[in-house]
Amino acid sequence: MTDSKYFTTTKKGEIFELKAELNSDKKEKKKEAVKKVIASMTVGKDVSALFPDVVNCMQTDNLELKKLVYLYLMNYAKSQPDMAIMAVNTFVKDCEDPNPLIRALAVRTMGCIRVDKITEYLCEPLRKCLKDEDPYVRKTAAVCVAKLHDINAQLVEDQGFLDTLKDLISDSNPMVVANAVAALSEIAESHPSSNLLDLNPQSINKLLTALNECTEWGQIFILDCLANYMPKDDREAQSICERVTPRLSHANSAVVLSAVKVLMKFMEMLSKDLDYYGTLLKKLAPPLVTLLSAEPELQYVALRNINLIVQKRPEILKHEMKVFFVKYNDPIYVKLEKLDIMIRLASQANIAQVLAELKEYATEVDVDFVRKAVRAIGRCAIKVEQSAERCVSTLLDLIQTKVNYVVQEAIVVIKDIFRKYPNKYESVIATLCENLDSLDEPEARAAMIWIVGEYAERIDNADELLESFLEGFHDESTQVQLQLLTAIVKLFLKKPTETQELVQQVLSLATQDSDNPDLRDRGYIYWRLLSTDPVAAKEVVLAEKPLISEETDLIEPTLLDELICYIGTLASVYHKPPSAFVEGSRGVVHKSLPPRTGSSESAESPDAAPAGVQPSEQPAVIPTQGDLLGDLLNLDLGPPVSGPPIAASSVQMGAVDLLGGGLDSLMGGTGFAAPSTVVPANLGAPLGSGLGDLFDLTGGVGTLSGSYVAPKSVWLPAMKAKGLEISGTFSRQVGSISMDLLLTNKALQVMSDFAIQFNRNSFGLAPAAPLQVHTPLAPNQSVEISLPLNTVGSVMKMDPLNNLQVAVKNNIDVFYFSTLYPLHILFVEDGKMERQMFLATWKDIPNENEAQFQIKECPLNADAVSNKLQGSNIFTIAKRNVEGQDMLYQSLKLTNGIWVLAELRIQPGNPSFTLSLKCRAPEVSQHIYQAYETILKN
């Protein structure tokens with residue numbers, strides 16, 4: 001008979017009977033009674049009164065009975081801590097039982113009894129089990145250490161269990177190794193600062209050996225641990241990759257994703273020119289494709305991870321487009337995810353195939369999917385220029401179907417195509433205007449109004465079309481009202497005689513009858529512009545619009561690099577870093593990819609780029625709103641964070657009509673809206689990656705260390721900041737960098753509540769403290785402030801390299817400006833290289849990396865030059881006299897660890913010096929030369 005009989009009893013007085021049975025002499029009766037107790041406990045009855053009687057049954061050789069008693073004990077120990085101490089002796093005895101299963105059971109139960117009083121009694125048995133000769137007991141004991149650490153961390157550390165766990169990583173049994181790694185990882189997670197998993201090539205080798213033989217979950221623990229290791233060079237990275245690659249063919253998808261994570265991370269360190277790099281790319285595609293044949297829920301997780309992988313390395317799956325084609329029976333969440341990846345993989349080679357698919361999808365029955373498919377056609381046009389014509393004709397065919405939501409989506413994407421390819425496809429405007437009456441969604445109406453306003457001179461009845469929208473002006477959404485206002489002003493500037501009444505009507509509707517502040521403000525600005533200076537109005541409203549960029553929904557690069565380190569976890573499904581959704585006391589460590597090694601694409605790490613390779617040119621396009629502006633508008637004005645900040649989420653700026661060019665270009669805040677040069681796409685480099693070779697010097701610095709400080713210059717004129725004038729300079733004093741500011745209030749009102757934030761920049765410069773203005777700044781008053789800076793902020797390569805974009809907030813508004821910081825503030829105090837090291841490094845750097853410059857009109861002798869440069873942390877390592885010339889050999893080091901070596905040739909009596917520079921990043925040399933000029937001539 002099965003055990004179900006124990007759950008069917010309904011007798012009264014049960015506890016009393018059970019008590020008697022538990023104390024029976026017959027073993028079978030005892031076992032039956034314990035089973036009844038466990039059954040009662042399982043269905044929620046309180047059987048804690050039987051605690052002493054059940055504990056008495058522990059003294060038995062029967063493994064089944066022992067397991068049942070231990071189960072009872074785990075459940076009630078917390079509510080009966082004093083009674084639980086009675087069981088301690090049995091645990092201690094069981095930990096020395098000849099049967100390894102009983103020893104392991106005892107140690108496992110000990111870990112599950114979360115009672116402080118008992119824990120110290122358990123240390124001795126646990127210590128024995130960690131050194132047990134049976135691997136099953138050792139692996140159970142390893143996990144028990146992590147459980148004990150959760151109850152009483154101090155006790156575990158004092159008892160030396162952590163060292164024993166570290167020793168278990170070298171165990172001969174793979175399962176023990178896996179559990180030791182799992183336990184250490186768990187403990188390390190709750191103590192991010194402790195370096196528990198101190199990995200070195202020897203321990204990595206042991207982990208890789210264990211990897212082949214342990215269970216699938218053991219493999220996942222080991223792979224996750226490997227992903228946190230930083231190989232010392234590309235050869236070690238390659239050998240780890242070679243040994244992890246076989247895991248890609250594992251049946252468990254979690255193992256596959258963990259292996260992909262390790263490979264994606266270490267590929268950063270491999271040169272693209274290596275044959276192995278190409279082989280690895282080929283090996284990564286099949287396992288990812290295989291994941292897509294699983295059930296839909298697993299497919300979705302795989303697709304979310306593939307989405308990240310494709311953004312980081314599209315070349316892995318560029319030939320696998322077909323597997324992302326949608327099947328008729330895919331759930332909607334899988335369809336939408338596949339569609340997204342199709343667009344990311346679209347290229348000139350496969351665009352015909354993709355468009356044929358998308359056109360098919362646009363005739364499906366699922367409305368959400370159809371909308372997304374129509375959007376996708378537009379995104380293809382913007383991404384692959386050669387396909388634009390086909391995309392536009394496909395969209396026109398879809399408009400002819402007259403299906404309402406298809407027409408509306410098509411109009412929204414055609415507006416973007418007009419922005420990307422001006423003066424190419426405007427012939428289709430007539431077709432669009434025919435569908436004007438059917439538009440009922442705000443986004444489609446706004447897009448259509450934008451098209452009519454932008455191309456008013458080509459549309460004969462543009463005024464009638466816009467007037468038809470005006471009739472229900474107050475019922476429209478804000479988006480449509482703002483667009484309509486701008487469009488009518490554009491129309492007026494193009495056809496002033498015919499549309500004067502129309503423009504007055506819309507301006508009065510916007511300013512007098514509207515209670516929306518955005519709309520009212522824009523109305524007033526247009527009104528004033530038109531009444532005071534129509535020429536300026538024309539320049540503002542009809543300004544040349546920058547092209548839009550193709551991929552507006554790419555994940556910001558530093559965040560993408562962080563998410564790649566979390567492949568196979570929840571973060572990779574949410575596309576958010578863990579800190580965004582994990583609450584609680586546990587510190588979340590920010591992860592980042594290792595710095596790229598010598599490959600021609602490494603614009604973000606000039607340190608490793610081979611000679612003559614230029615960072616790829618980016619087209620000058622508007623960055624996405626969340627990209628440059630996001631970080632600055634999203635001012636977090638609390639105290640500064642010491643670690644690198646989380647990437648700022650994109651900021652919605654309802655009032656700023658990026659299409660109409662209206663308000664934003666008037667507010668004086670155009671510092672960041674459309675910079676003339678846009679940051680390259682691969683921005684997210686970790687701090688040590690050689691981004692520091694980026695500089696350009698405008699002045700020098702120093703005070704206590706004797707280095708030159710440039711005089712303050714005006715960074716933000718009062719005209720652009722509603723009366724706030726900011727002047728400043730940078731200085732370096734004994735190892736600390738500061739921004740010395742002079743704030744002047746030239747307005748008529750008091751200014752207070754000051755705060756400052758920097759955009760990401762080449763060296764991670766960030767404020768190390770809040771901007772302290774202790775008393776409000778009265779009109780015509782000035783205040784001097786020294787703001788300490790550190791270099792632990794987010795890093796992004798800027799152009800020029802020493803460009804710093806700053807946002808300052810006060811009680812009036814937020815203001816933006818950019819300034820160039822002089823590079824010698826980043827020359828560190830320990831930049832003096834040893835002679836032998838200098839010689840070896842000079843020889844090691846290829847000759848083509850050497851650059852020569854002339855420093856003219858500098859009447860100093862060699863000693864004066866050496867002293868002056870040392871004040872700015874450029875150190876002379878050796879001085880020689882060769883044929884009457886003084887040769888100075890010098891080194892300097894930047895805040896992110898990049899070394900630059902120099903040879904300065906000085907001919908006594910000749911004011912021109914010859915400077916030879918060597919650095920692993922030759923493009924840096926020009927800026928170092930400027931640093932020398934600045935320091936020596938001031």
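Just so it is clear, the model here is predicted, and its values are computed rather than measured.

### Some thoughts on the overall build of the chain
Next up, step 1: For the chain, the count of helices and strands is 36 helices and 15 strands.
Next up, step 2: Counting across all 938 residues of the chain, residues that qualify as buried make up 53%.
Next up, step 3: In the chain, 69% of the contacts between residues at least 6 apart in sequence involve partners at least 24 apart.
Next up, step 4: When the accessible surface of the chain is split by element, carbon and sulfur atoms take 51% of a total near 41200 Å².

### Examining the sheet that holds strand β4 (residues 724–733)
Next up, step 1: Here we have five strands laid out as an open sheet, ordered β3-β4-β5-β8-β7, and antiparallel in their pairing. The open sheet has two free edges, formed respectively by β3 (713–716) and β7 (766–767), since each of these has just one partner strand.
Next up, step 2: In this sheet, strand β8 (residues 782–790) lies alongside strand β5 (residues 736–745) in antiparallel orientation, the contact comprising eight bridges. Bridge pairing links L741 to I785 in β8.

### Comments concerning the environment of Y300
Next up, step 1: Secondary-structure assignment places Y300 in helix α18 (residues 296–312).
Next up, step 2: With 36 residues separating them in the primary sequence, Y300 and L336 have C-alpha atoms 9.8 Å apart.
Next up, step 3: Apart from the residues within four sequence positions on either side, Y300 is in contact with Y333, V334, E337 and V573.

### Some points on helix α12 (residues 174–190)
Next up, step 1: Compared with the 24 Å implied by 1.5 Å per residue over 17 residues, the 25 Å span of α12 between its first and last C-alpha is a close match.
Next up, step 2: Extensive coverage of α12 is indicated by the burial of 13 of its 17 residues.
Next up, step 3: For α12, the side-chain oxygen to backbone nitrogen distance between the N-cap and M175 is 2.8 Å, and the N-cap itself is N173.

### Notes on the nonpolar core
Next up, step 1: Membership of the largest hydrophobic core comes to 217 residues, with the highest contact counts inside it found for Y72, L126, V244, L358 and F418.
Next up, step 2: Non-local contacts of V244, meaning those with residues more than four positions away in its chain, are made with L208, L211, L223, L226, A259, V262 and L263.
Next up, step 3: One finds I726, I756, L894 and F913 within the second-largest nonpolar core, a separate group that totals 61 residues.

### Remarks on the confidence of the model for the chain
Next up, step 1: On average, residues of the chain carry a pLDDT of 80, and 85% of them reach 70 or more.
Next up, step 2: Within the chain, the element-level pLDDT minimum falls on strand β2 (residues 621–622), averaging 36, and the maximum on β7, averaging 94.
Next up, step 3: Contacts for the low-pLDDT stretch residues 598–705, under 50 throughout, to residues beyond four places or in other chains number 292 contacts.

### Here's the deal with the sheet that holds strand β10 (residues 814–820)
Next up, step 1: Spatial strand order, β6-β9-β10: three strands in an open sheet with antiparallel pairing. Each end of this open sheet is capped by a strand with a single partner; those strands are β6 (755–758) and β10. Within the sheet, the average angular offset between the axes of one strand and its neighbour, ignoring direction, is 25 degrees.
Next up, step 2: Pairing analysis gives four bridges linking β6 to strand β9 (residues 803–809), with the strands arranged antiparallel. Within the sheet, the bridge partner assigned to F758 lies in β9 and is V806.

### Quick notes on the pattern of salt bridges
Next up, step 1: With the rule as written, the count across this model stands at 41 salt bridges.
Next up, step 2: Notably, a salt bridge pairs E457 with K494, separated by 3.0 Å at the nearest N-O pair. In this pair, E457 sits in the loop between α25 (442–454) and α26 (462–470) while K494 sits in helix α27 (residues 478–494), placing the two residues 37 residues apart along the sequence.
Next up, step 3: For K494, a relative accessible area of 26% gives the class partly exposed.
Next up, step 4: Because the salt bridges share partners, they merge into one network encompassing E268, K272, K312, R313, E315 and D561.

### Some thoughts on the packing of aromatic side chains
Next up, step 1: Within this structure, the stated rule accounts for 13 aromatic pairs.
Next up, step 2: Taken together, a centroid distance of 5.5 Å and an interplanar angle of 85 degrees make the contact between Y300 and Y333 edge-to-face. With Y300 in helix α18 and Y333 in helix α19 (residues 332–345), the pair connects residues that are 33 residues apart, well separated along the chain.
Next up, step 3: The interplanar angle of 75 degrees and the centroid separation of 6.3 Å between the aromatic rings of F838 and Y889 together place this pair among those described as edge-to-face. Of this pair, F838 sits in helix α34 (residues 835–844) while Y889 sits in strand β13 (residues 885–893), and the two are 51 residues apart along the sequence.
Next up, step 4: Accessibility expressed as a relative area gives 4% for F838, which makes it buried.
Next up, step 5: The rings of W715, F730, F763, F817 and Y821 are connected pair by pair, giving a single aromatic cluster.
Next up, step 6: The ring of F369 carries the charged tip of K335 above its face, separated from the ring centre by 5.2 Å.

Criteria and cut-off values
Here the residue numbers are simple positions, counted from 1 along each chain's written sequence. Whole-chain, interface and lining totals are the exception, using all residues; otherwise, since this is a predicted model, local features are given only for residues with pLDDT of at least 70 and side-chain atom pairs are given and counted only at 80 or more. Heavy atoms throughout the structure, all of them, feed into the side-chain values; hydrogens and water do not. Strands are runs of DSSP state E lasting at least two residues, helices are runs of H or I lasting at least four, and both sets are numbered from the N terminus onward. Only protein chains enter the calculation, and the probe is 1.4 Å; a residue is then buried if its accessible area is under 20% of its type maximum, exposed if over 50%, and partly exposed in between. Only heavy atoms matter for contacts: two residues are in contact if any of them lie within 4.5 Å across the pair. The Shrake-Rupley method, run with a 1.4 Å probe sphere, supplies the accessible areas, and residue values consider only the shown protein chains as cover. Note on pairing: two strands pair once DSSP finds at least 2 bridges between them. The length a helix should cover is 1.5 Å for every residue beyond the first. Any pair of nitrogen or oxygen atoms within 3.5 Å is treated as a polar contact; in protein, a donor-acceptor pairing is required on top of that, and neighbouring residues in sequence qualify only through side-chain atoms on both sides. Throughout, nonpolar core names a set of buried Ala, Val, Leu, Ile, Met, Phe, Trp, Tyr and Cys residues whose side chains join them through atoms within 4.5 Å. A score from 0 to 100, pLDDT tells how confident the predictor is in each residue. Structural elements are reduced to axes, namely lines fitted to C-alpha atoms, with helices fitted over the stretch in contact, and the angle between N-to-C directions of any two is expressed from 0 to 180 degrees. Salt bridge, as applied in this entry: a Lys or Arg side-chain nitrogen positioned within 4 Å of an Asp or Glu carboxyl oxygen. Each pair of aromatic rings taken from Phe, Tyr and Trp, with Trp reduced to its six-membered ring, is defined by centres within 6.5 Å and is described as stacked if the planes are under 30 degrees apart, edge-to-face if over 60, and tilted in the remaining cases. Criterion for a charge above a ring: Arg CZ or Lys NZ at most 6 Å from the ring centre, at most 35 degrees from the ring normal.

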